[in-house]
Amino acid sequence: APPIPSRAYGVYIGRFEPPHQAHLLVMLEALERVQTLIVVIGSARSARTTKNPWTAHERQDVIEAMLAEAGADPQRLRFVHVRDFLYDEAHWLADVRAGVEAHTGGSRDVALVGHIKDESSYYLRSFPDWEFLPTHVVSPLNATDVRRAYFEDRLSDVRGMVPPAVHAFLEGFQRTPEYAELQAEFLALRSAVAPAPATRLTVGAVVSGAGQLLAVRRAERPGRGLLTLPGDEPGPQETLLACAMRAVRQQTGLDTGAVLGAVRAQAIFDAPGRSQRGRIVAYVFHFALGEDALTAQPAGNAAAWLPLSEALEHPEGWFEDEAEIVAHFLAKV
Ligand code: NAD
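Predicted, not measured: the structure shown is a model, and the values here were computed from it. (Residues numbered from 1 in each chain as written. Predicted model: local features only at pLDDT ≥ 70, side-chain atom pairs only at ≥ 80, totals over all residues. Heavy atoms only, no water.)

Enquirer: Quick rundown of unusual backbone geometry? Include the residues and the values.
Expert: With an omega of -5 degrees, the peptide bond between Glu17 and Pro18 qualifies as cis. Of note in the backbone geometry, Arg45 takes a positive phi value of approximately 60 degrees without being a glycine. Here Arg45 falls in the partly exposed class, since its relative accessible area comes to 37%. Here the phi dihedral of Asp153 falls at roughly 60 degrees; this positive angle occurs in a residue that is not glycine. With respect to the helices and strands, the residue Asp153 is situated in the loop between helix H4 (143-151) and helix H5 (155-159). (Buried < 20%, exposed > 50% of the residue type's maximum accessible area, 1.4 Å probe, protein only. Helix = DSSP H or I, 4+ residues; strand = E, 2+ residues; numbered from the N terminus.)

Enquirer: So what's going on with helix H11 (residues 322-330)? Residues and values would help.
Expert: Within H11, seven of the nine residues are buried, which leaves it mostly tucked inside the rest of the structure. Inspection of H11 places Glu322, Ala323, Glu324, Ile325, Val326, Phe329 and Leu330 among the buried residues, and these make up the whole buried set.

Enquirer: Could you give me a rundown of the site of the ligand, with the residues and numbers involved?
Expert: In the vicinity of the ligand there are 23 residues, among which Tyr12, Asp84, Phe85, His115 and Tyr123 approach most closely. At a separation of 2.6 Å, an oxygen atom of the ligand approaches a polar side-chain atom of Tyr12. Backbone polar atom of Leu141 to a nitrogen atom of the ligand: 2.8 Å apart, as the coordinates give it. For the shell around the ligand, the residue count by class is 11 nonpolar, eight polar and four charged. (Near = heavy atom within 4 Å. Polar contact = N/O pair within 3.5 Å; in protein donor to acceptor, adjacent residues only side chain to side chain. Nonpolar A, V, L, I, M, F, W, Y, C, P; charged D, E, K, R; others polar.)

Enquirer: How would you summarise the packing of aromatic side chains if you had to cite specific residues and measurements?
Expert: With the rule as written, the count across this model stands at 17 aromatic pairs. Each ring, one from Trp54 and one from Tyr150, has its centre 5.9 Å from the other, and the planes form 45 degrees; the classification is tilted. Of the two residues, Trp54 is situated in the loop between strand S2 (34-41) and helix H2 (56-69) and Tyr150 in helix H4; the sequence distance between them amounts to 96 residues. Sitting above the plane of the Trp130 ring, Arg97 keeps its charged end 5.2 Å from the centroid. Taking the ring centre of Phe319 as reference, the NZ or CZ of Arg218 above it sits at 4.0 Å. (Phe/Tyr/Trp six-rings, centres within 6.5 Å; stacked < 30°, edge-to-face > 60°. Lys NZ or Arg CZ within 6 Å of the ring centre and 35° of its normal.)

Enquirer: Quick one: what's the story with the sheet that holds strand S4 (residues 110-114), residue by residue and with numbers?
Expert: The strands that make up a sheet are held in pairs by hydrogen bonds between backbone atoms, and each pair lies either parallel or antiparallel. Across the sheet, five strands lie side by side as S3-S2-S1-S4-S5; this open sheet has parallel pairing. The open sheet has two free edges, formed respectively by strand S3 (77-81) and strand S5 (131-134), since each of these has just one partner strand. In this sheet, neighbouring strand axes are inclined to one another by 30 degrees on average, regardless of whether the strands run parallel or antiparallel. The pairing of strand S1 (residues 7-14) with S4 spans four bridges and is classified as parallel. Along S4, the bridge assignment pairs Val11 with Leu112. Lying on the sheet, helix H1 (residues 21-33) is in contact with S1, S2, S3, S4 and S5; it crosses S2 at an angle near 145 degrees. Packed on one face of the sheet, H2 meets S2 and S3 and runs near 160 degrees to S3. (Pairing = 2+ DSSP bridges. Axes fitted to C-alpha atoms, helices over the stretch in contact; angles between N-to-C directions. Contact = heavy atoms within 4.5 Å.)

Enquirer: Explain the nonpolar core residue by residue, including any values.
Expert: Counting residues in each nonpolar core, the largest one holds 39 residues, and the members touching the most others are Met27, Leu37, Ile63, Leu67 and Tyr150. Residues in contact with Leu37, not counting those within four places in the same chain, are Gly10, Val11, Tyr12, Met27, Ala30, Leu31, Arg76, Leu77 and Arg78. (Core = buried A, V, L, I, M, F, W, Y, C linked by side-chain atoms within 4.5 Å.)

Enquirer: Describe the pairing of S4, listing the residues and the values that go with them.
Expert: The two faces of the sheet receive side chains in turn, since in a regular strand these alternate between them. For S4, the tally of buried residues reaches five of five residues, placing the bulk of the element in the interior. In the sheet, S4 pairs with S5 via four bridges, with the strands oriented parallel. Looking at the pairing, Ala111 lines up with Glu131 of S5.

Enquirer: Any details on the packing of H1 against H2? Residues and values, ideally.
Expert: Closest axis-to-axis distance for the H1/H2 pair is 11 Å, and the angle between their directions is 65 degrees. Handedness of the H1/H2 crossing: right-handed. Contact with H1, carried on its side by His23, Leu24, Met27, Leu28 and Leu31, involves Ile63, Met66 and Leu67 of H2 and no other residues of that element. Of the residues belonging to the contact of H1 with H2, the class tally is seven nonpolar, one polar and no charged. (Left-handed = near helix turned anticlockwise from the far one by under 90°.)

Enquirer: I'd like a description of the packing of H4 against helix H7 (residues 177-192), backed by residues and values.
Expert: Relative orientation of the contacting elements H4 and H7 amounts to 105 degrees, with a least axis distance of 10 Å. Accordingly, the angle class assigned to the pair H4 and H7 is roughly perpendicular. Contacts between H4 and H7 involve Arg148, Tyr150 and Phe151 from the former and Tyr179, Leu182, Gln183 and Phe186 from the latter. Residue composition of the contact of H4 with H7, by class: five nonpolar, one polar and one charged. (Parallel < 35°, antiparallel > 145°, perpendicular 65-115°, else oblique.)

Here it is as structure tokens:
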């Protein structure tokens, strides 16, 4: 039997969309160095996109299957699912810590496993009290290439990049309606992304009142069927506020008079990766209507008032980073 590692806990953070051969090797190497490996699955509870196609539960299941297949002891594995907070790094850090501590009981014998591959690995430096154990795994593999091959129906290329258990999962998922929708989205995005790296501006409106929020259902790909805020790109002669009011009027049928004068707050949402459609900066107004807000019935058939609790508790129902935008204005009201 291999020697029992002296370190108690190892933490391995990743998106694993999907887990590939290099992820597996990093995990197996970690299991030679720590007794218990805590896999932190990031980007949990977001809507399915071609960048995040699988739920955290699906990713956990397939990681467990690939590790079992490789002979790892399931008793030595733990999982934590963490949502992204693009505008609140401290919240993300606290959630990772809390999730890890739930398994370690506050032990200080915790090491962080990973590989500083580029700027996106900056977060590996955010846990100075966990000893960093860089992996020795060297591999050019990355999940973006796996997803591209997968959505281009090149399953034989995928086979060379992922362990058999992951391949089997991907084959099964390919027969679901979710796959068909994501593949259509993949193709739509490929033709939509502008060749020039122009930065676009959009305007959004969070309209709340009487414990409710005005939301619209997206009719188009990407994100067809997901909830979105009323919004649009400003016209050449339009102020951002006028644009927000026009979007509310056109997309929800709400009388603009009710909205004007109800501006409570405004904020910019500019995380570079917030949209797969290109570099899009969102300027969002919060319109806080009074208690009689519900008498202003939306007319657009895709628009509806949503109870705030429902809007906040189901981030996976929202397009792009809009669950975070809604929470920014409404989590504390
Ligand atoms: P990933 O799946 O790309 O990589 C996971 C780990 O494996 C990394 O340490 C990476 O360097 C390593 N790895 C990947 N390919 C490798 C290879 N070929 N050889 C050796 N090692 C390899 O995941 P990621 O993007 O680094 O995951 C971070 C997660 O944390 C994401 O879900 C991200 O959204 C989340 N996050 C969120 C916030 C926030 O919301 N504020 C901040 C930081 C990170």
